[in-house]
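Chains, contacts and geometry: an overview
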Amino acid sequence: MRLIPLYTWNKGLHNMKLSQMNFMKQPWAGGVTLLVCVIVAMLLANLPATAHFYHELLETNLSMTISNENFSISFPQNMTVEKFINDILMVVFFFTVGLEIKREVVCGELSSVKKALLPVIAAAGGMAVPALFYTFFNIGTTTAGGWGIPTATDIAFAVGIMSILGNKVPISLKVFLTALAIADDLGAILVVAFFYGGDINLPLLFVAILLLAGIFLMNKLGEKRMMFYLIPAIVVWFLFYYSGIHSTMSGVVMAFMIPMDARFSRSYLDRSNKKYLRRIERYDHDEFEQGIPFPNGPQRHCLRRMSYITNNSIGMSYRLEHALDRWVNFLIMPIFALANAGVVIPDISFFNIFQTLPLEGVGFVGMGIFFGLLLGKPIGITIASFIAIKCKVGAMPEGASWKMLFAVACLGGIGFTMAIFVDTLSFGELDPTTTDMLRSSGKIAVLLGSLCAGILGAVLISIFAKMEKNR
């Protein structure tokens, strides 16, 4: 047996601790966390010991009710744990998505026409073709309205797989898929807003528009204090929730209202820090003889002022995106997965997505979603990219080949978060039993389609990378 030196073990333990500390900083960490939550949700929903508790918990009523002999009012109406997750917690998710889209449009990969055209056109193709695949399998049936389910890409899983594959994927294609996923998110947001809302309450919607107009004007007048945006955001959510437009859209709209410019300029930051540093030094000299440890009272005031000014020298949009990033990736999205991926599997045949459900008038929901993600996404992305490049409105990513672009496009078929979210909004016009069965079937198809798309993309990338290396 080969003995391992003690310092090697110590180094290994040290690296293990560092890796645990840095887990949340890894690009693949969000995808791994979601995958674990999906498995846990499936177990909770199907194990005899936990199934009843799991479903009872999701159906627990969270509404506050005020009543007497003459009247009774609940707020928010019909707010269960599941609706709280999908209608309130997911608002924060959509808010961060909106902040990210705004940043990319203002100063990122979508900031210029030349940068934006190829991923935007590719994203449009990657949404249109999966919708056509789904429609092909469900045209003329009561399930035709679920066409939006296979149209979105889950950036957490896609980027996670690319990170695991390392340098097999050209950096230009990593940037391409990331920008495509961001444009894809914007498209999915528009799909939800226009096609998956309820009956519109026009007076409430009009009030919401007036309030948003006031917030927009406040932004243009230079207001950069956070409370003047976050407090109205709660009112906007309330108005959207009761107006018939899905409440998560309030998060996206408010994200675009958040100012990106900092409250304090660079010159003001420099002057202020110099001023407070001089005061700190003076107070230190004045009280040195009294033995008061650093920082004393006046010095703490100076440090707080420096911290405040430094913090506000970063734009509010950047601060919020940075502050919410880990909460969204490691709390909100896992909770969403736990609440929505718990599909009841009555028997093994439920995984057979290639058969129609025993319901009158329904189409092949599972097949439409599965093939929309697995085939529709890469075909749509590749064809749209080919047209854009041949028409010279976009340029092929540097160092990339058509084979590798197609392989990366396969990862676009990973549609977990947004696909399941759209699935939870679909088929609501049918009776509850049918709706539940269709949504469960849709979730299974999303999971299987995303899994196969991820495996296909990873295998093709590995094969094509090896071929190009041996060339």
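Note that the structure is predicted; figures quoted are calculated from it, not measured. (Residues numbered from 1 in each chain as written. Predicted model: local features only at pLDDT ≥ 70, side-chain atom pairs only at ≥ 80, totals over all residues. Heavy atoms only, no water.)

1. Details of the overall build of the protein
The helix and strand inventory of the protein stands at 17 helices and two strands. By residue count, 46% of the 471 residues in the protein fall in the buried class. Counting contacts in the protein only where the partners sit at least 6 residues apart, residues at least 24 apart contribute 78% of the total. Split by element, the accessible area of the protein, about 24700 Å² in all, is 67% carbon and sulfur. (Helix = DSSP H or I, 4+ residues; strand = E, 2+ residues; numbered from the N terminus. Buried < 20%, exposed > 50% of the residue type's maximum accessible area, 1.4 Å probe, protein only. Contact = heavy atoms within 4.5 Å. Areas by Shrake-Rupley, 256 points an atom, 1.4 Å probe, with all protein chains shown as cover.)

2. Concerning a negative patch on the surface
Where like charges cluster on the molecular surface, the negative patch consists of Glu56, Glu59, Asp431 and Asp436. Within the secondary structure layout, aspartate 431 lies in the loop between helix 16 (416-425) and helix 17 (432-470). (Patch = residues over 30% accessible without salt bridge, like charges linked within 9 Å, V, L, I, M, F, W, Y side chains within 5 Å. Salt bridge = Lys/Arg side-chain N within 4 Å of Asp/Glu carboxyl O. Lys, Arg positive; Asp, Glu negative; His and termini not counted. Charge placed at Lys NZ, Arg CZ, Asp CG, Glu CD.)

3. Thoughts on helix 4 (residues 81-107)
Along an α-helix, residues three or four apart share an orientation, since each turn contains 3.6 residues. Over its 27 residues, helix 4 extends 38 Å from the first C-alpha to the last, a length consistent with the 39 Å expected when each residue adds 1.5 Å. Maximum bend of helix 4: about 40 degrees, positioned at methionine 90. (Expected span 1.5 Å × (residues − 1). Bend = angle between axes of the 7 residues up to and from the residue.)

4. Here's the deal with the nonpolar core
Taken as a class, soluble globular proteins show a tendency for nonpolar side chains to be buried jointly. Core analysis: the biggest nonpolar cluster contains 116 residues, and Phe93 and Phe94 have the highest contact counts within it. Beyond its immediate stretch of four places on either side in the chain, phenylalanine 93 contacts Val328, Ile332, Met333, Thr417 and Met418. Grouped together as the second largest cluster of nonpolar side chains are seven residues, Leu269, Tyr276, Cys302 and Ile309 included. (Core = buried A, V, L, I, M, F, W, Y, C linked by side-chain atoms within 4.5 Å.)

5. Concerning the pattern of salt bridges
Tallied over the full model, the rule gives six salt bridges. A salt bridge links aspartate 87 to lysine 83; its shortest N-O distance comes to 3.1 Å. Of the two residues, aspartate 87 and lysine 83 are both situated in helix 4; the distance of four residues between them amounts to about one turn of the helix.

6. Some thoughts on the environment of arginine 326
When you line up the elements, arginine 326 lands in helix 13 (residues 316-340). You can call arginine 326 partly exposed: its relative accessible area is 39%. If we ignore the near neighbours within four places in the chain, the residues touching arginine 326 are Met24, Lys25 and Leu331.

7. What to know about the state of the cysteines
Should the sulfur atoms of two cysteines be covalently bonded, the bond is a disulfide. In this structure the tally under the stated criterion is zero disulfides. Just so you know, cysteine 452 is unpaired, no disulfide at all, and the nearest cysteine sulfur is the one on cysteine 410, 12 Å from it. For cysteine 452, a relative accessible area of 31% gives the class partly exposed. (Disulfide = S-S within 2.5 Å.)

8. Quick look at the packing of helix 6 (residues 155-165) against helix 7 (residues 171-195)
It is the contact of helix 6 with helix 7, at a shortest axis distance of 10 Å, that shows an interaxial angle of 175 degrees. Classed by the angle they form, the pair helix 6 and helix 7 counts as roughly antiparallel. Residues Ile155, Ala158, Val159 and Met162 of helix 6 form the contact with helix 7, whose own contacting residues are Lys174, Leu177, Thr178, Ala181 and Ile182. Considered class by class, the residues forming the contact of helix 6 with helix 7 number seven nonpolar, one polar and one charged. (Axes fitted to C-alpha atoms, helices over the stretch in contact; angles between N-to-C directions. Parallel < 35°, antiparallel > 145°, perpendicular 65-115°, else oblique. Nonpolar A, V, L, I, M, F, W, Y, C, P; charged D, E, K, R; others polar.)

9. Things to note about helix 5 (residues 113-138)
With 26 residues, helix 5 ought to run about 38 Å at 1.5 Å a step, and its terminal C-alpha atoms sit 37 Å apart, in line with that. With its phi angle positive at about 80 degrees, glycine 140 sits one or two positions after the end of helix 5.

10. Section: the packing of aromatic side chains
Evaluation of the coordinates by the stated rule reveals 16 aromatic pairs. Residues phenylalanine 238 and tyrosine 242 carry aromatic rings whose centres are separated by 4.9 Å and whose planes lie at 55 degrees to one another, so their mutual orientation is tilted. Here the residue phenylalanine 238 and the residue tyrosine 242 both occupy positions in helix 9 (residues 227-243), the gap between them amounting to four residues, near one helical turn. What makes tyrosine 242 partly exposed here is its relative accessible area of 22%. (Phe/Tyr/Trp six-rings, centres within 6.5 Å; stacked < 30°, edge-to-face > 60°.)

11. Looking at the environment of methionine 218
Here methionine 218 lies in helix 8 (residues 202-220). For the pair formed by methionine 218 and glycine 399, sequence separation is 181 residues and the distance between their alpha carbons is 45 Å. Not counting residues within four places of it along the chain, the set of residues in contact with methionine 218 comprises Glu223, Phe228 and Tyr229.

12. Considering the confidence of the model for the protein
Averaged over every residue, the pLDDT of the protein is 84; the share at 70 or more is 92%. Helix 1 (residues 6-21) is the least confidently modelled element of the protein, averaging 44 in pLDDT, while helix 14 (residues 365-390) averages 94, the highest of any element. Across residues 1-18 the pLDDT falls below 50, and counting only partners more than four positions away or on other chains, this stretch makes one contact in the model. (pLDDT = per-residue confidence, 0-100.)

13. Side note on unusual backbone geometry
Peptide bonds are trans in most cases, and residues, glycine excluded, mostly fall at negative phi. In the Ramachandran plot, lysine 392 falls in the positive-phi region, its phi being about 60 degrees despite a non-glycine side chain. Secondary-structure assignment places lysine 392 in the loop between helix 14 and helix 15 (402-411). With relative accessibility at 75%, the residue lysine 392 sits in the exposed group. Its identity is not glycine, yet phenylalanine 427 carries a phi of approximately 65 degrees, on the positive side. You can see phenylalanine 427 is positioned in the loop between helix 16 and helix 17.

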